[in-house]
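# Summary of the model geometry
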Amino acid sequence: MKSDLSSLKIRDIGEQGLLERLQRFCPPDVIGDDAAVLTTNPNQSLVVTTDMLVDGVHFSNVTTSPEDAGWRAAAANLSDLAAMGAFPLGITVGLGLPGDISVNWVERLYQGMTECLQKYNVPIVGGDIVRSPITTLAITAFGQATPDLIIRRSAAQVGDAIVVTGIHGASRAGLELLLHPEIGQNLKTEEKAALITAHQRPNPRLDVIPILKEILISPCPIPISGMDSSDGLADAVLQICRASHVGAVIEYSQITIPKAFEKWLTAEQAREYTLYGGEDFELVLCLPQYTAETLVKQLSTDAAIIGTITPDLTVLLHDQNQKIPDQILSLNQGFKHFTK
């Protein structure tokens, strides 16, 4: 980006001028009309998701560069598609922007989105721009999925194993390190960097979908229940259980957490970050025990079985190491948008 353009404001070039600049992030054969046309394969279901990010709530200049804000926004939507068992087709971007924000900031935002999307060959196929007193980013993502393999929250069955991908708590830890640089002094530089990257540049788990599709090929499709852990691991299990009218037992010792927690956080803090930290964008899946074991084996160290679906309507956190007492989890814990 040319340095002499870094002070250029949106009000200086107007809506059309900004659109001309942003259209270079989109494929020219898709944009230019009142709507985008996306081709889906026969016998596929269209999957659509929308996610909104607001300055001061989901990102800020203190913790997030424009590129990182763009990456995280794109990743959040792709994660929702992965949570449904869908492959992405494209996204549209809605922007609410103050007139005095710099054009450079917006272009860097789009650069971050593009860097994330390019990993999965996903284009930006349109959107809208309006004036707003607060910078707001709303993305709608489109995907396609085989109808028999769509993942739903309401499909968990008693006896299903609960599989969790990846590491939990890292994003929350990274955010705390960004907000409070003075903490974590006993962490190595690479440990800090890994936690901060987990917050700023999460990777949606689209890599899991082809594996699921492969192991679930059967004359009698196996229902899969699940969602992503963007609002926290505990929240995901609770939401699945509520939608499926079942309960669960979670074995805390089986959850993979960052090794850095052991020398930095108290046991209570580590548990809070792991269960309720959110924004790890991993998958929480409920499926038959044998299928779950096959999936975990395919993903190697990047997944674990952390519990079982039960007929009770409660979600119990248990620790076989007896370091913490059994406790009933609820949706009243963790982050909520409209509570103080």
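These numbers were taken from a predicted model, which means no experiment stands behind them. (Residues numbered from 1 in each chain as written. Predicted model: local features only at pLDDT ≥ 70, side-chain atom pairs only at ≥ 80, totals over all residues. Heavy atoms only, no water.)

For the protein chain, the assigned domains read domain 1 (32–145) and domain 2 (160–328). Distance between the C-alpha centres of domain 1 and domain 2: 25 Å. On the domain 2 side, the residues contacting the 20 residues of domain 1 number 19 residues. Carbon and sulfur atoms make up 58% of the area that domain 1 and domain 2 hide from each other, which totals about 1,900 Å². It is Thr63, Arg72 and Phe87 that lose the most area in domain 1 upon contact with domain 2, and together they represent 30% of the buried surface on that side. The interface formed by domain 1 and domain 2 contains three salt bridges. Arg201 is the salt-bridge partner of Asp68, the closest N and O atoms lying 2.7 Å from each other. Viewed at the interface, domain 2 and domain 1 are joined by eight residue pairs in polar contact (both at pLDDT 80 or more). For the side of domain 1 that touches domain 2, the secondary structure elements donating two or more residues are helix H2 (66–83) and strand S2 (87–97). Take the side of domain 1 that touches domain 2: its biggest share by element is eleven residues, from H2. Residue composition of the side of domain 1 that touches domain 2, grouped by class: eleven nonpolar, three polar and six charged. (Domains from an automatic or database assignment. Contact = heavy atoms within 4.5 Å. Buried area = accessible area lost by both parts, 1.4 Å probe. Salt bridge = Lys/Arg side-chain N within 4 Å of Asp/Glu carboxyl O. Polar contact = N/O pair within 3.5 Å; in protein donor to acceptor, adjacent residues only side chain to side chain. Helix = DSSP H or I, 4+ residues; strand = E, 2+ residues; numbered from the N terminus. Nonpolar A, V, L, I, M, F, W, Y, C, P; charged D, E, K, R; others polar.)

So, on to the UniProt feature "binding site: Mg(2+) 4" (unreviewed entry) in the protein chain. When the UniProt feature table is mapped onto this chain, "binding site: Mg(2+) 4" (unreviewed entry) is found at Asp34, Thr49 and Asp80. The exposure class of Thr49 is buried, given its relative accessible area of 14%. Filtering out sequence-adjacent residues up to four positions away, Thr49 remains in contact with Asn77, Asp80, Leu81, Ile139, Thr140 and Ala141. Here Asp80 takes part through its side chain, which lies 3.3 Å from a polar atom of the side chain of Thr49. Structurally, the position occupied by Asp80 is in helix H2. The contacts of Asp80, once residues within four sequence positions are left out, are Thr49, Asp51 and Asp228. (UniProt positions renumbered as here; feature names shortened; annotations may be inferred. Buried < 20%, exposed > 50% of the residue type's maximum accessible area, 1.4 Å probe, protein only.)

This paragraph deals with the sheet that holds S2. Within a sheet, neighbouring strands are paired by backbone hydrogen bonds and run either parallel or antiparallel to one another. The sheet built from four strands is open, its strands ordered S1-S4-S2-S3 with mixed pairing. The sheet is open, and its two edges are formed by strand S1 (45–54) and strand S3 (124–131), each paired on a single side. The average angle at which neighbouring strand axes cross in this sheet is 15°, direction not considered. Bridging between S2 and strand S4 (residues 136–145) involves nine bridges; their strand directions are antiparallel. Counterpart to Leu95 in the pairing with S4 is Leu137. Along the sheet face, helix H3 (residues 103–118) touches S2, S3 and S4 and points at about 165° away from the line of S2. (Pairing = 2+ DSSP bridges. Axes fitted to C-alpha atoms, helices over the stretch in contact; angles between N-to-C directions.)

A few words now on unusual backbone geometry. Phi angles above zero are rare outside glycine, and Asn121 is one such case at about 55°. One can find Asn121 in the loop between H3 and S3. Taking the relative accessible area as the measure of exposure, Asn121 reaches 70% and is therefore exposed.

This paragraph deals with the pattern of salt bridges. Following the criterion strictly, the structure yields eleven salt bridges and no others. One salt bridge in this structure joins Arg72 and Glu279, with 2.7 Å as the shortest N-O distance. Of this pair, Arg72 sits in helix H2 while Glu279 sits in the loop between helix H8 (267–276) and strand S8 (283–287); the two residues are 207 residues apart in sequence, bridging distant segments of the chain. On the basis of relative accessible area, Arg72 is assigned to the buried category, the value being 3%.

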